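The chain contents come next:
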There are 2 protein chains.
Amino acid sequence: MPFSRAVRAQAPALIKSLKPQYAPTVCKRWKSGPYGYTQAKALVYSKYGDPSEVLSLHTHSISPSLPPNQLLLRTLASPINPADINQIQGVYPSKPPFTSLLGTSVPSAVAGNEACFEVQSIGSSIKSVAKGDWVIMRSTGFGTWRTHALAEEKDILRVEKGGLTEIQAATVGVNPTTAWRMLVDFENLEGGRDWFIQNGANSGVGRAAIQLGREWGLKSINIIRDRKTPEETESMKKELLDLGATKVITESELQSRSTVSEIKEWTSGKNLKLGLNCVGGPVTLALVKTLSPGGHLVTYGAMSKQPLSLPTGLLIFKDLKFSGFWVSRWSDANSAEKEKTVESILQMTREGRFKDIPVQEMRWEWATEGERLVEAVGGGLEGFRSGKGVLVFGDT
Amino acid sequence: MPFSRAVRAQAPALIKSLKPQYAPTVCKRWKSGPYGYTQAKALVYSKYGDPSEVLSLHTHSISPSLPPNQLLLRTLASPINPADINQIQGVYPSKPPFTSLLGTSVPSAVAGNEACFEVQSIGSSIKSVAKGDWVIMRSTGFGTWRTHALAEEKDILRVEKGGLTEIQAATVGVNPTTAWRMLVDFENLEGGRDWFIQNGANSGVGRAAIQLGREWGLKSINIIRDRKTPEETESMKKELLDLGATKVITESELQSRSTVSEIKEWTSGKNLKLGLNCVGGPVTLALVKTLSPGGHLVTYGAMSKQPLSLPTGLLIFKDLKFSGFWVSRWSDANSAEKEKTVESILQMTREGRFKDIPVQEMRWEWATEGERLVEAVGGGLEGFRSGKGVLVFGDT
């Protein structure tokens, strides 16, 4: 057995045996440590619950001798999506298996589902990517809140990094992809004629849908929650109009009869074929009622945590259709199509035709304490005030 | 002006001028009256409301000299569907126009939507049907609770009458057609493998779906309301099993955990792709939850008058789809396909492979008083105990 292998075999046990208080120092010392081992950290959980209670920072080491079909990735950026939090809470249907692969004392899973990685080294049989390339995960569920990861070629999508930021690449696979597929896969909308309506219009998906609509000639009616002051409401409206929204209205405006008849006028009573819903509950019924006969409501979120109550006349006589969209399921079933969608969005981004969602960066340096990271991630529960939370990796 | 035309021009005014108490006698006398006029009666309404309050029997005459493109029809049988009652109440979205065409003192509409007619005479340009043929209406909304009607060729579908009863022809266009399209148009079910589940399984649509399923190798789970006694429940179960139902369960059985896991077993957890719903409300949620991932609920009625409440997780994560079916809209948009569907069902009927729904016949003779007819139709509100109500015409 070559020397490096012997060390690799002992290393996890060695790390596990270290007393916790010494671990960070040791890890730091080992970061670009002896025999080429890569020191890595990951936010892991071994049971479901509130992230502040169940998440912890685990340090481990990755051997320099990669199997032929594996890649070593270094994480550049990873967003904090509401679904990531739900997954840790155990209320999300997609549950990564708890394993002992990272040498945790109890079987654990790495949190997070979306990221941009840089290829740090590749196994001997890997041809499609090279050291320094950027990649994202083909599917969700990989575990991305970590400094490094081993992956196989089938797990990744290479991203042409020219003209992109790490954050742009890290956030393309979930929200903009969701918006793209919902606008394309459910109703055959025609540019210059058709409209769509959406709630949560200032969300990541909402902003993406506005911009894709603008590019494709689809007109949009965008519903936002009423802000605390009229000035805040106006400022949010302006922000979305600047992105390309055709109309922006508040939830309370949507309740008024005059707005409902305005919508009918705008859309000629027949060109509002698609609704995108991430809210649910009674406020969504008002949106549903604005849809033209034969229209389709696609639900991709339930921020109100309330069910959707449908008067059956809307189904039978108005011929409305109701479906759901879950980007994880779609990505798993449509791998080639996902690749094309992601590349198209990134190309629009490079050309300045697709703007990022405002983000709040949370730096993850090698020395950043686990407590601080867990706290930052917990912010995802209430939503980040000034935009989507993104972990941005520094000297890790 | 030929003599007959002059009489025709005067006749409506003449009839209108008759004092009501004399009208029946006069009408009776005129039935195959002077100059070949056909005496006709129709159940009409001139405002929306309870059928017992707004329906009345109107007598009028139809000239023997038909325009070239018209046919004179004599009604043989016409069912009383719940939608007919809703239409009279004004709570149905399809509202026939109130007109003065029949010479009513105020503009009125003829009630009823489905019937089998016999062609009594044809205009000179009619080629597709001959005297004595049977026809049904291509679309709903024509007004069928009447002894006679004038129609154009485009309104009708000829029915090959051999081997059929009037009632079979009169009831094919709504319920069996609804069942057929719902089983075919929403999910691609495979005989020998796939299942569907339906509530209101002993309704006209429900019985039709059971039989079509049996013919096509589709297995069915049929939900019925709990009867007053276990014997009545068992008797209804047996009736539906004899028709070809694979399983029959009561609403309360559907609520039990053991039934839910039985259903999963029967359908291998993945072959229950379609649900048919005419009930709505909370009991329908139990049905929805039994659908396999990616399944589809098609709603065609709302007997509970309650909305459908959908936990959004069923849309997003279980990928369930929700649509509605309205046979009137479908028939108007798919005239050729309707013709084929109707002919297929009637052929199965002739071959003894498709049994009628049990009916309760209400005879409409020339002398039957309006009061009695209105009363009979009102029975449609609570549903006919021993089957679907059908007006069967005698010496009219």
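Computed from a prediction, not measured in an experiment: that's the story for all the values here. (Residues numbered from 1 in each chain as written. Chains lettered and ligands numbered in written order. Predicted model: local features only at pLDDT ≥ 70, side-chain atom pairs only at ≥ 80, totals over all residues. Heavy atoms only, no water.)

J.: Please set out the sheet that holds strand S2 (residues 55–62) of chain A residue by residue, giving values where relevant.
T.: Residue and element names in this part refer to chain A. Taken in spatial order, the 3 strands make up an open sheet running S2-S1-S4, and their pairing is antiparallel. At either end of the open sheet lies a strand with only one pairing partner, and these are S2 and strand S4 (109–110). Where strand S1 (residues 38–45) meets S4, 2 bridges bridge the pair, whose relative direction is antiparallel. By the bridge assignment for S4, Val-44 is matched with Val-110. (Pairing = 2+ DSSP bridges. Helix = DSSP H or I, 4+ residues; strand = E, 2+ residues; numbered from the N terminus.)

J.: Account for the pattern of salt bridges, with residues named and values stated.
T.: Residue and element names in this part refer to chain A. According to the stated counting rule, one finds 44 salt bridges over all chains in the structure shown. Among the ionic pairs, Arg-353 bridges to Glu-351, the shortest N-O distance being 2.5 Å. Given a relative accessible area of 31%, Arg-353 falls into the partly exposed group. Overall, the relative accessible area of 43% leaves Glu-351 in the partly exposed class. One network of salt bridges, in which partners are shared, links Arg-181, Asp-185, Glu-337 and Lys-340. (Salt bridge = Lys/Arg side-chain N within 4 Å of Asp/Glu carboxyl O. Buried < 20%, exposed > 50% of the residue type's maximum accessible area, 1.4 Å probe, protein only.)

J.: How would you sum up the interface of chain B and chain A? Please name residues and give values.
T.: Reports often express the size of an interface as the amount of accessible area lost when the parts come together. Tallying the contact residues gives 26 residues for chain B and 26 residues for chain A. Around 2100 Å² of area is buried between chain B and chain A when both sides are counted, 65% of it from carbon and sulfur atoms. Our count for the contact surface shared by chain B and chain A stands at 2 salt bridges. Residue Arg329(B) is joined to Asp319(A) by a salt bridge in which the shortest nitrogen-to-oxygen separation is 3.4 Å. Across the chain B-chain A interface, the total number found is 9 residue pairs in polar contact (both at pLDDT 80 or more). (Contact = heavy atoms within 4.5 Å. Buried area = accessible area lost by both parts, 1.4 Å probe. Polar contact = N/O pair within 3.5 Å; in protein donor to acceptor, adjacent residues only side chain to side chain.)

J.: Give a description of the pairing of strand S13 (residues 296–299) of chain B that names residues and reports values.
T.: Residue and element names in this part refer to chain B. Alternating residues of S13 divide into His-296 and Val-298 and Leu-297 and Thr-299, and every residue in both groups is buried. As defined by bridge partners, strand S12 (residues 272–277) adjoins S13 across 4 bridges and the pair is classed as parallel. Across the sheet, the residue bridging to Asn-277 is Thr-299, located in S13. Both S13 and strand S15 (residues 321–324) contribute to a ladder of 4 bridges, which runs parallel. Of the residues in S15, the one forming a bridge with Leu-297 is Phe-322.

J.: Give a detailed account of the environment of Gly173(A), specifying residues and quantitative values.
T.: Residues and elements named next belong to chain A. On the secondary structure map, Gly-173 appears in the loop between helix H5 (166–170) and helix H6 (175–185). On a C-alpha basis, the gap between Gly-173 and Ala-115 in space is 8.6 Å, while along the polypeptide they are 58 residues apart. Once residues lying within four places of it in the same chain are set aside, the contact partners of Gly-173 are Glu-114, Val-327, Lys-338 and Val-342.

J.: An account of the sheet that holds strand S1 (residues 38–45) of chain B is needed here, citing residue identities and associated values.
T.: Residue and element names in this part refer to chain B. Sheet architecture is open: 3 strands sit in the order S2-S1-S4, paired in antiparallel fashion. Strand pairing shows two members of the sheet lacking a second neighbour, strand S2 (55–62) and strand S4 (109–110), which therefore form its edges. Here 8 bridges tie S1 to S2, and the two strands are oriented antiparallel to one another. For Ala-40, the partnering residue across the bridge sits in S2 and is His-60.

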